[in-house]
Structure formats: structure tokens, C-alpha cells
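The lines below spell out each chain.
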Amino acid sequence: MLGESFVSVSAILPVFASTLTQSPILIGLVPALINAGWFIPQLLTAGHVKRLPQKFPFAKRMGILERVPFIALPLTAFLLNWFPRQIVIWLFMIVVAWRGFASGMVALPWQEVIALVIPSEVRSRFFGFSRTAARSMAVIGSALAGLILANINFPNNYGLSFSIGAVFIWLSYFFFSQTVEPTASHKKIITEADQEKHLLIDIPGFKAVLKEDKNFRSYLLSRVFFQLGSMATGFFAVYGIKNFNLSDEQAAIFSGILFTSSIFGFFIWGLLGDRVGPRNLLLISDLVQMLLLALSIFAPSIYVYYLVFLLFGFAQAGYIIGELVLGMELGPEENRPIYLGLARTIPGVFILIAPIIGGAVVTWAGYQVMFLVALTLTLIGSLFLLRVSRHRRRVEQNESNFV
């Protein structure tokens, strides 16, 4: 997360994109490609991951693939010293897409490893407290990124910020690689024939879940509408800078506020999440998202607009914890990769569509109308979420056994 603060998806990268292009659609696609990329590939790997006796070796290989684009990202900024912006923007978008979809390849095995390593009774606390510490580091990173963007000439300021981020993100891989995957006593023996069958896409398994699990269908609909409402995510920083005539380094301040508020959000939801349940975390986060979208429309000054990022960080914390934990608990243990694949990929497609719609609305009617459309879609998603059962599935007694 320290590394991520130098390449902030919600603030620094969209603002850098805005220095390369005036297209609202391309700017909005920056966070969308990264967020959608994390979601979409999980459906394709669900069948394969389900049949792996050990999940962690695959997760480590995909973790390397995920980090390669961070080497290329600084080059997109430094290349502006020699190449025109029309060329660099497309190179930048390719790197962003690579970063997003590579993260999606590691996402499912990573979640499986977390589910095996961390008992279900304490997962909210695990995500809450670990992210609190991580976001605390990110605040420091955001402050340093702000100094770099303010005191070094463009485009080398972005190139240096991206380079520092890459160093820390690769360092994180060392710690990730030290994880030890437990051998759970309840795991069934997976035969060679099982591994060959449906190597990637387990279509029969997907159909069975969608047909038989009404509760899960309600969850999917709630997330689809919420992700459509996320069309505003990539425009908060860009709109603030343009509307209040601010300099580019303001993006790092937005990023710092975002990370700081998420620290408190992760800490609070880490304490309360296991008590109130992941569905309620998601519901509260959706409500906060609606509040900040309304505030984006009516904020009269930059000081009021800072509250948008303050609330966004708090909502993001609840969403991340709730979505991660609930996704692990929607179905039975043996079908968890199938549920996770569907729960991530189907909404992920709409993350990719949302900024295209949002950019079109901005072009046609302006930012404030786009924020209003996003608010309406988030409200519809919240209504579907109310239909999702608040009761977590029964956890098997031997789920927490370690060898």
C-alpha cells in the first residue's frame, strides 16, 4: 500500500492521464481498467483454482505477473521527454490495462490462500487491522508524492513518483512469498482427471449456482448497480482540480485525505465488522457513497470538496472488507472458487462499462449530471443488497484446523 500511494488509482493516475488527454472517457477508464481488471479474470481461473491441491504456488507465479507493469509505468512518464503525448497516452493505457488484468489473475488464488490461512471468525479484523497499518504507510507515501509532484518538473515528477512506487510494490512480493499455506484436513483428494476437467471455465458449476441460489443472484444485482454507480470514481480528482482551478500536486493531497480517512475506516470496520456482518458493511458503505456523490454535486468550495475524499476513503474501507469477507461466505466451502469467480467477474464487467457511460454523460451534460446518475444507480444497488441474507453460512468445524 505504501507503493500504491505513489501511483494512486483514484487520484494521481487519473490526473496524470488528464495531462496527456482531454478525453473524459480515457481519463475515466484509468481506475476502471485497474478495478475491472481485478474482477474480470477471476471467472476464467475459478475452475482451475478449485482443482489445485495447493493454491499458493499459482498465486506466487501470478504475483510476479501482476508486478511487471510497475516497471513499465515510470517509463510512460519519462518518455514524454522524447515522444508526443498522443503516443504516450496509448502506451500508458496499455500499461494500466496490463496492471489491472494481471492483478485479476492473482486475485482468486490470493483470496483462497487468505481463506485458508485466516479463520472466518476473524477475517474482518484481519482485513481491518492490516489495512489500517497499510494505509498509515500510504499517508506518508502520499505526502512524499505531493512533494515530488510539486518540486520536480513535469514529466520527471510523475516518473520519479511511479519509480518509487514500483520499488515498494516489488518489495511487498518478498513478504507475500513468505506465506505458508496450511494443509486443511477436510480437503478432498483431487485426482489427475479432476484437474484436467474444466481446466479454466467450469460452466456447469456456474450455471448451477446462478440457477439455484436466489440469495446470490440478489447479491450480484446489488454489486452490478453499485459498480455502475462507480462511474464517478475516476472523475473526483479531475473534477476538483478543474472546477476549483488547482494545480496537479493537489492530486497528492486528495490521495492523502483518501488514505487517511480509510485508515479510520479500516480500523473502525475492523473492530465492528465481525459483529455487524459483511452485508451490513456493504450497505453502510453504499449509503456513504451516495452521500459523497450528493456532496460532489453541491460542494461550494475546495474545503467542502475535501469531504468527498474523506467520505470516499471511509466508504472504500467498508466496501473492501465487506466485499472480500462476504464473497468468501456466500456459498459452501468446496464451491468457494466458483462463487468468488462469479461474484468478482460479473460486476467487474460493469466496472469497465461504467466510465464509458460516465465519460459520455460528462461530455453531454457535465460532471454534476454524471454524479447524479451515479448516485441513482448506487441507490438501486443498495435496494437489491437489502434482499441479501445477513446470516453467514455455517462454518465447518474443521475450517480453522492447521497442520
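Above this text is the structure in question.
Rules and cut-offs
- Residues numbered from 1 in each chain as written.
- Predicted model: local features only at pLDDT ≥ 70, side-chain atom pairs only at ≥ 80, totals over all residues.
- Heavy atoms only, no water.
- Patch = residues over 30% accessible without salt bridge, like charges linked within 9 Å, V, L, I, M, F, W, Y side chains within 5 Å.
- Areas by Shrake-Rupley, 256 points an atom, 1.4 Å probe, with all protein chains shown as cover.
- Salt bridge = Lys/Arg side-chain N within 4 Å of Asp/Glu carboxyl O.
- Helix = DSSP H or I, 4+ residues; strand = E, 2+ residues; numbered from the N terminus.
- Buried < 20%, exposed > 50% of the residue type's maximum accessible area, 1.4 Å probe, protein only.
- Contact = heavy atoms within 4.5 Å.
- Expected span 1.5 Å × (residues − 1).
- Polar contact = N/O pair within 3.5 Å; in protein donor to acceptor, adjacent residues only side chain to side chain.
- Axes fitted to C-alpha atoms, helices over the stretch in contact; angles between N-to-C directions.
- Parallel < 35°, antiparallel > 145°, perpendicular 65-115°, else oblique.
- Nonpolar A, V, L, I, M, F, W, Y, C, P; charged D, E, K, R; others polar.

(A) Up close: a nonpolar patch on the surface. Among the surface-exposed residues, Phe-129, Phe-264, Phe-267, Ile-268, Leu-271, Leu-272 and Val-276 lie close enough to one another that they form a single nonpolar patch of about 600 Å² accessible area. A total of 6 residues in the nonpolar patch trace back to one element, the largest contributor, which is helix H14 (residues 250-276). Take Leu-272: it is sitting in helix H14. The partly exposed category is assigned to Leu-272, whose relative accessible area is 34%.

(B) Geometry of helix H13 (residues 236-243). For H13, the buried fraction is high: 6 of the 8 residues fall into the buried class. Its buried side turned inward, H13 meets helix H2 (12-20), helix H3 (24-39), H14, helix H15 (278-298), helix H16 (302-329) and helix H18 (367-385). One or two residues past the end of H13 sits Asn-245, with phi positive at roughly 55°.

(C) Focus on helix H12 (residues 214-229). Its 16 residues give H12 an end-to-end C-alpha distance of 23 Å, which sits within 8% of 22 Å, the value for a rise of 1.5 Å per residue. Residues Phe-216, Ser-218, Tyr-219, Leu-220, Ser-222, Arg-223, Val-224, Phe-226, Gln-227, Leu-228 and Gly-229 constitute the buried set of H12. On its buried side, H12 packs onto H3, helix H11 (203-212), H15, H16, helix H17 (336-365) and H18. A distance of 3.3 Å separates the backbone nitrogen of Asn-215 from a side-chain oxygen at the start of H12, and that oxygen is part of Asp-213.

(D) Focus on the packing of H14 against H15. Running from N to C, H14 and H15 point in directions that differ by 125°, and their axes come no closer than 7 Å. When the axes of H14 and H15 are compared, the pair comes out oblique. Only Pro-278, Asn-280, Leu-281 and Ile-284 of H15 make contact with H14, whose side of the interface consists of Trp-269, Gly-273 and Val-276. In terms of residue class, the contact of H14 with H15 is made up of 5 nonpolar, 2 polar and no charged.

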